Amino acid sequence: MSPLRRVAVHLLTGAAGVALGLGLGEAPLQAQLSPNCLRNGVAAACAVTPGDTGPERTVVTVMFADHSAWRLEKNERRCTNSHPVSACPALITGANGNGARLRGSYTGTWYEGGYRHQWSAPGIRIEYVFVD
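In this text the structure is predicted, and so the values were computed from the model without any measurement.

*Asks:* Would you explain the overall build of the chain in this entry?
*Replies:* Counting its secondary structure elements, the chain contains 2 helices and 10 strands. The buried share of the chain, reckoned over its 132 residues, is 35%. Counting contacts in the chain only where the partners sit at least 6 residues apart, residues at least 24 apart contribute 31% of the total.

And the structure:
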């Protein structure tokens, strides 16, 4: 299970999830999440929406409050995992997912109380954090 899904399932299976009788298990997660975000080092409001994800890749779209959106894709097969850090090659597409695909990198870090996602390519750095 991807770290994003694991955190989302954790968040959604709390008291509200139990009260609603949600049986999430391994069902596809289509929720939009609003983590703490940074764009090029500056705090920014954003929402993260999971995309076409499978065993070979993870895709998310990050939309910021100014309506700019970025499609973020990492190659799961080429990740190196050294707990608590995972590093992968990534593609970052701007212009609401219709721009040029920039080759970059992804770093995911587990830490006490949460998970940090960092995506970077020439000219853009997107970071979002989920906390417990």
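*Asks:* In this structure, what is going on with the environment of T107? I would like to understand it.
*Replies:* Its place among the elements puts T107 in strand β8 (residues 101–111). Here T107 is in contact with V85, S86, A87, R116, H117 and Q118, once residues within four sequence places are set aside.

*Asks:* Which parts of the structure should I look at to understand the state of the cysteines?
*Replies:* In protein chemistry, a disulfide is the covalent bond that joins the sulfur atoms of two cysteines. Tallying each qualifying case throughout the model produces 2 disulfides. At a sulfur-sulfur separation of 1.9 Å, the disulfide partner of C79 is C88. Between C79 and C88 the sulfur-sulfur dihedral comes to about 105°; the bridge is accordingly right-handed. Indicated for the chain is the disulfide connectivity 1-2, 3-4, based on numbering the bonded cysteines in sequence order.

*Asks:* Quick question: what am I supposed to make of the pairing of strand β3 (residues 46–50) here?
*Replies:* The side chains of a regular strand alternate, first on one face of the sheet and then on the other. Most of β3 sits out of view: 4 of its 5 residues are buried. Once β3 ends, the chain turns through 6 residues before running back antiparallel as strand β4 (residues 57–64).

*Asks:* Explain the nonpolar core here, please?
*Replies:* One broad rule of soluble globular proteins: the nonpolar side chains tend to lie buried together. Ranked by internal contacts, the top residues of the largest apolar core, which has 21 residues, are V62, L72, W119, I126 and Y128. Elements represented by at least two residues in this core include exactly β3, β4, β5 (69–75), β7 (85–93), β9 (114–121) and β10 (124–131). It is β10 that provides the largest number of residues to this core, a total of 4 residues.

*Asks:* Would you explain the packing of aromatic side chains in this entry?
*Replies:* Here the distance between the centres and the angle between the planes together describe a pair of aromatic rings. For the structure shown, the criterion picks out 3 aromatic pairs. Consider the rings of W110 and Y115, whose centres lie 4.6 Å apart with planes at 70°: the pair is edge-to-face. A relative accessible area of 28% means that W110 is categorised as partly exposed. A relative accessible area of 1% places Y115 in the buried class.

*Asks:* Can you walk me through the pattern of salt bridges in this structure?
*Replies:* Pairing between side chains becomes possible if they bear opposite charge and their charged atoms approach one another. Under the criterion given, the structure shown has 8 salt bridges. E73 serves as the salt-bridge partner of R57, at 3.4 Å between the closest nitrogen and oxygen. Of this pair, R57 sits in strand β4 while E73 is found in strand β5, placing the two residues 16 residues apart along the sequence. Across the pair K74 and E76 runs a salt bridge whose closest N-O atoms are separated by 3.5 Å.

*Asks:* Help me understand the side chain of T93 in this model?
*Replies:* Along the polypeptide, T93 turns up in strand β7. Overall, the relative accessible area of 4% leaves T93 in the buried class. Here T93 is in contact with A69, W70, R71, N98, G99, A100 and R101, once residues within four sequence places are set aside.

Rules used in this analysis
- Residues numbered from 1 in each chain as written.
- Predicted model: local features only at pLDDT ≥ 70, side-chain atom pairs only at ≥ 80, totals over all residues.
- Heavy atoms only, no water.
- Helix = DSSP H or I, 4+ residues; strand = E, 2+ residues; numbered from the N terminus.
- Buried < 20%, exposed > 50% of the residue type's maximum accessible area, 1.4 Å probe, protein only.
- Contact = heavy atoms within 4.5 Å.
- Disulfide = S-S within 2.5 Å.
- Pairing = 2+ DSSP bridges.
- Core = buried A, V, L, I, M, F, W, Y, C linked by side-chain atoms within 4.5 Å.
- Phe/Tyr/Trp six-rings, centres within 6.5 Å; stacked < 30°, edge-to-face > 60°.
- Salt bridge = Lys/Arg side-chain N within 4 Å of Asp/Glu carboxyl O.

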